[in-house]
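Below, each chain spelled out in residue letters.
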Amino acid sequence: AQSVTQLDSQVPVFEEAPVELRCNYSSSVSVYLFWYVQYPNQGLQLLLKYLSGSTLVKGINGFEAEFNKSQTSFHLRKPSVHISDTAEYFCAVVGGGNKLTFGTGTQLKVEL
Amino acid sequence: DAMVIQNPRYQVTQFGKPVTLSCSQTLNHNVMYWYQQKSSQAPKLLFHYYDKDFNNEADTPDNFQSRRPNTSFCFLDIRSPGLGDAAMYLCATSRDGSEQFGQGTRLTVV
């Protein structure tokens, strides 16, 4: 079985500042890793994913994440956030089987 | 564009009155999922289909049922909705482990 931990339930940040949203996972098998964003009353939108290959993954809206196998982490970063990035962000993992396991989410609040 | 479509976006139902939520996809993905998401929580998997094979999560209440008549469509039936079933219901599809989500249906029980 696999699990995902998002340690920060809320992250406030000023506009144009950098941000990092943390995600750690545990799994006994090789995993695929994902970050999703959810705006209010919307479904989840895929930001980026790591399936194999380069450990630095670039996604939409200027986000990127780095897969670190030794630290079992997949932290999400953006060098300069915008007000429109205010949303809930979910880290997720697929291990054995076809099922996503989600973290509890991090609410990113970008302030002026 | 190929996508996952959920109808309706907002559904109001009476306590105890059966309700069906629908999901369709044009991606031709073989796996389809239904999630329940309550306020400020992560999505919780209810069940999924791998092709026609139905996989129920152990803690999904019997009140929730699903049908997948063909590759493109999947339905979520709530036989007797209670107030605690008010939530966002998300449908998703996948082929390679990367899930594509619909916009969700927000269910209100009155």
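Right above here is the structure, for reference.
Cut-offs used in this document
- Residues numbered from 1 in each chain as written.
- Chains lettered and ligands numbered in written order.
- Predicted model: local features only at pLDDT ≥ 70, side-chain atom pairs only at ≥ 80, totals over all residues.
- Heavy atoms only, no water.
- Helix = DSSP H or I, 4+ residues; strand = E, 2+ residues; numbered from the N terminus.
- Rg over C-alpha atoms; globule rule 2.2 N^0.38 Å.
- Buried < 20%, exposed > 50% of the residue type's maximum accessible area, 1.4 Å probe, protein only.
- Contact = heavy atoms within 4.5 Å.
- Areas by Shrake-Rupley, 256 points an atom, 1.4 Å probe, with all protein chains shown as cover.
- Lys, Arg positive; Asp, Glu negative; His and termini not counted.
- Charge placed at Lys NZ, Arg CZ, Asp CG, Glu CD.
- Phe/Tyr/Trp six-rings, centres within 6.5 Å; stacked < 30°, edge-to-face > 60°.
- Buried area = accessible area lost by both parts, 1.4 Å probe.
- Salt bridge = Lys/Arg side-chain N within 4 Å of Asp/Glu carboxyl O.
- Polar contact = N/O pair within 3.5 Å; in protein donor to acceptor, adjacent residues only side chain to side chain.
- Nonpolar A, V, L, I, M, F, W, Y, C, P; charged D, E, K, R; others polar.

To continue, consider the overall build of chain B. Counting secondary structure elements, chain B contains zero helices and eleven strands. Listing each helix as α and each strand as β along chain B from the N terminus yields β-β-β-β-β-β-β-β-β-β-β. Its C-alpha atoms give chain B a radius of gyration of 13 Å, near enough to 13 Å, the size a compact globule of 110 residues would have. Reported as C-alpha extents along the three principal axes, the dimensions of chain B are approximately 35 × 30 × 25 Å. When each of the 110 residues of chain B is scored for burial, the buried share is 51%. Within chain B, counting contacts between residues at least 6 apart in sequence, those at least 24 apart form 54% of the total. Here chain B displays about 5300 Å² of accessible surface, and carbon together with sulfur accounts for 48% of that area. Placing the 10 positive and 10 negative side-chain charges of chain B at their respective mean positions leaves the two points 7 Å apart.

Let's shift gears to the packing of aromatic side chains. Scanning the entire structure with this criterion turns up 15 aromatic pairs over all chains. Centre to centre, the rings of Tyr-25 of chain A and Phe-67 of chain A are 6.2 Å apart; their planes meet at 25°, and the pair counts as stacked. Separated by 42 residues along the polypeptide, Tyr-25 of chain A in strand S4 (residues 24-26) and Phe-67 of chain A in strand S8 (residues 64-68) bring together distant segments of the chain. Here Tyr-25 of chain A and Phe-67 of chain A have matching classes, each one buried. Ring plane angle 25° and centroid distance 4.3 Å describe the contact between Tyr-50 of chain A and Phe-67 of chain A, whose orientation is recorded as stacked. Here the residue Tyr-50 of chain A occupies a position in strand S6 (residues 44-50), and Phe-67 of chain A occupies one in strand S8, the gap between them amounting to 17 residues. Judged by relative accessible area, which is 10%, Tyr-50 of chain A ranks as buried. Under the relative-accessibility criterion, Phe-67 of chain A is labelled buried at 12%. Connected via pairs of aromatic rings, a cluster forms that spans Phe-34, Tyr-36, Phe-90 and Phe-102 of chain A together with Tyr-33, Tyr-35 and Phe-101 of chain B.

With that out of the way, let us pick up the interface of chain B and chain A. With 22 residues of chain B at the interface, the matching set in chain A holds 19 residues. Summing the contributions of chain B and of chain A, the shared interface buries around 1600 Å²; its carbon and sulfur component is 50%. The largest share of the area that chain B buries against chain A comes from Ser-98, Glu-99 and Phe-101 of chain B, three residues that together contribute 23% of it. The interface formed by chain B and chain A holds one salt bridge in total. Residue Lys-99 of chain A pairs with Glu-57 of chain B through a salt bridge whose shortest N-O separation is 3.1 Å. Taken together, chain B and chain A are joined by seven residue pairs in polar contact (both at pLDDT 80 or more). Those elements giving two or more residues to the side of chain B that touches chain A turn out to be strand S4 (31-37), strand S5 (44-50) and strand S9 (87-94) of chain B. When its residues are assigned to classes, the side of chain B that touches chain A shows ten nonpolar, seven polar and five charged.

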